Amino acid sequence: MMILSGDPPRSRVLTLVLVLIILALAATPFLFPGAKALNVAAKICVFAALVASYDLLLGYTGSVSFAHTMFYGIGSYAIAIALYGMGPNWAAVATGIVVGLPLAALLALAIGLFSLRVAAIFFAMITLAVASAFQVLASQLSWLTGGEDGRSFQLPELLRPGTVLISKNLFGFEINGRILTFYLVFAVSALMILALLRVVNSPFGRVLQAIRENRFRAEALGFRTVFHLTYANCLAALVAAGAGILNALWLRYAGPDTSLSFSIMLDILLMVVIGGMGTIYGAIIGASIFILAQNYLQSLMGVASQAASEAGLPLLPGLLHPDRWLLWLGLLFIASVYFFPTGVVGRLRNPAGDKSGGGSH
Amino acid sequence: MTDLAATDPLPKPKRDIAPILLPIALALLMIPLIGSTSSWLTLTAASLAMGMMIFIMASGLTLVFGLMDVLNFGHGAFIAVGAYVATLVLAPFAASIQADSLWMNLAVLAPAALLSMAVSGALGLVVERVLILPVYGQHLKQILMTTGGLIVAEQTLYALWGPQIIPMPLPASLRGSFILGEVAIAKYRVLAMLIGLAIFIAIQLVLNRSKLGLLIRAGVENREMVEALGYRIRRLFLGVFMTGSALAGLGGVMWALYREQVHASMSDELTVLIFVVVIIGGLGSIGGCFIGAILVAMVANYGGFLVPKLALVSNILLMVAILMWRPRGLYAVTSR
């Protein structure tokens, strides 16, 4: 229980599902051969951490930020630019981390001090504006960021796919640099999620929940709400930048589409709401469902769209086109905000559908 | 505070003119910086036209928030829908659009704009009933629901019209510029300015001179009190919401003609812009929204002329500066 900070999943089914997801992720290199499965698993790890950090903001403090991808992007770009400029060595990785994380925290501090003093709605609008300005900036400063093309780079020797650590004839599996990178991503994501679990179950996390439930009352109790909210914003930004670093390391690339675009922000929102706000565990569930759907449901939609157009139905082929899958997720999103505000985790913890689940207000 | 006798007239509310002077001061300050008077005049006219279009789109958002404390993150969807619907009328009548006769052009443009307003207004009705009605008073859920609505609307537009950019050429008679001496002012910008000004005056007249406007302003001040007096504020709100959506649709048509193209991603781009405007103006204030729109457009135009690189973040800098001066926007309307 220590490792979960005294906040277990509190539902037998949920525990089972979580254990299954984590085991499946950990065993992906051996169970599911092929590059696609490994890519999906790594993406789930990265997004689980990213969404968990967003949950700290949305679920625990009740403030909606649209700038989360900005911090994610800062992490990605920091490591990409460092490795691109300094060559594939560990000093560059360290530089990327040392520059990226504090930069994200500082920017979060500035935004927080500036906009968290006022209502939640102001914070949402200001973060949206800042994030869009940052996105434009990143695509325009092409001498630094590579513009729309982004930056591709090489990893240090140890993490490259060509590096064979344990050859195939020892266990029947080849352990190479790629698999080592996967386990690096897996382990760091897991650590970040456990750290977030620690944060939300600390006295500090309780104050955040108090602010979410009633900011005025929390202030009357003597808590400096602006300080707490800004601190939470900085922590979330740090973890988001960490997730960005992992993402860039895995993809060996950082660009506007993979790390900064507004659609990633929407993806994060969808994942956190579908998984369950204010639970941290919801992040793992939400990221798994969403990314599996993104990678495998889209091909299913392609088949359905084909069938519909062959049957000569009007409109349906367009609506079922694989590129339109966000349409269906958007509908699912609205339905889940409306009918299941507590998400999958809330439902599993409280099958009776009691409205008292956490994080719905 | 002095005591008032019952017969005394109410004290006049203090007029706050500092925000009105701000854009004027900004424009005057730019004369020496830009150097040539003719380019200054052209830029100022461009800013005013752009500001009017942004105002048309943003006015609905700010009123809806002021009246019912609802922030519609999907407001941009109405803009895009308006622009797409206009193509339904403009594409089949491309010939009369290209004819060099003002009346023939307007005979197609006006129905297109009206149809856009009708469709976005009707969509506003659906959105209010389906998405917003269940989550009144819950900011977090409102943001989530309307963001979801924005995704669905955008994707539906892609599904119906396809992901490509649709060209939307300006009518022949609105192309080109009026030349006054050395100053060139694009004809379409003059039209945009006139329409924007007319809508601003109409909104001000309705809000300040009619019973309906009295109720709306009272609702912004104190919703419960208006309800207690027996007015169905929900219906009033629905009307304001639909009007705001229709205006956003009109703004969408005008913006699409200004850019001469239509694409569903315009809703994202413009959402950010109108958010900056309503924050600068003070949530719920029409006057603030008007000044905010002009300020944003001025900074974009002057900034783009003087320091093109700065123009990318000029909106944010403007917003930061204004909020440093007045943390609740130029005109803080409500106590929220």
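For the structure, see preceding data.
Residues numbered from 1 in each chain as written. Chains lettered and ligands numbered in written order. Predicted model: local features only at pLDDT ≥ 70, side-chain atom pairs only at ≥ 80, totals over all residues.

**Brief notes about the interface of chain A and chain B**
- With 35 residues of chain A at the contact, the number on the chain B side is 32 residues.
- Listed by contribution, the elements that provide at least two residues to the side of chain A that touches chain B are α5 (120-140), α13 (262-275), α15 (316-320) and α16 (325-339) of chain A.
- Among the elements that make up the side of chain A that touches chain B, the one with the highest residue count is α5 of chain A (14 residues).
- A class-by-class count of the residues in the side of chain A that touches chain B yields 27 nonpolar, seven polar and one charged. (Contact = placed C-beta atoms within 7 Å. Helix = DSSP H or I, 4+ residues; strand = E, 2+ residues; numbered from the N terminus. Nonpolar A, V, L, I, M, F, W, Y, C, P; charged D, E, K, R; others polar.)

**Focus on the pairing of strand β3 (residues 183-186) of chain B**
All names here are of chain B.
- Pairing between strand β2 (residues 177-180) and β3: four bridges, direction antiparallel. Residue pairing across strands places L180 opposite V183, the latter belonging to β3.
- Between β2 and β3, which pair antiparallel one after the other, the connecting turn spans two residues, and G181 there sits at a positive phi close to 65°. (Pairing = 2+ DSSP bridges.)

**Section: helix α8 (residues 177-200) of chain A**
Residue and element names in this part refer to chain A.
- A rise of 1.5 Å per residue sets the reference length of α8, with its 24 residues, at 34 Å; its end C-alpha atoms lie 35 Å apart and thus fit the reference within 8%.
- Turning to α8, its buried residues are T181, F182, V185, F186, S189, M192, I193, L196, L197, V199 and V200.
- Its buried side turned inward, α8 meets α1 (12-31), α2 (35-58), α9 (203-213) and α11 (225-251). (Expected span 1.5 Å × (residues − 1). Buried ≥ 20, exposed ≤ 12 C-beta atoms within 10 Å, placed from the backbone.)

**Some thoughts on the nonpolar core**
- Core analysis: the largest hydrophobic core is formed by 220 residues, its most contacted members being A48 and V51 of chain A together with I54, V277 and V296 of chain B.
- With 18 residues, helix α2 (residues 37-68) of chain B is the single largest residue contributor to this core.
- When neighbours within four sequence positions are excluded, V51 of chain A is seen to be in contact with I268, M271, V272, G275, A283, G286 and A287 of chain A. (Core = buried A, V, L, I, M, F, W, Y, C linked by C-beta atoms within 7 Å.)

**What about unusual backbone geometry?**
- Unlike most non-glycine residues, S5 of chain A shows phi in positive territory, near 60°.
- Positive phi, close to 60°, is recorded for E260 of chain B, a residue that is not glycine.
- Looking at where E260 of chain B falls in the secondary structure, it is placed in the loop between α10 (233-259) and β4 (261-262).
- Among the residues examined, E260 of chain B registers 12 C-beta atoms within 10 Å and is labelled exposed.

**Describing α2 of chain B**
Residue and element names in this part refer to chain B.
- Its 32 residues give α2 an end-to-end C-alpha distance of 45 Å, which sits within 8% of 46 Å, the value for a rise of 1.5 Å per residue.
- Where α2 bends most, the angle comes to about 35°, and this point is A58.
- Taken across its 32 residues, α2 has 27 buried, putting it largely inside the fold.
- Positioned one or two residues after α2, D69 has a phi angle of 60°, which is positive. (Bend = angle between axes of the 7 residues up to and from the residue.)

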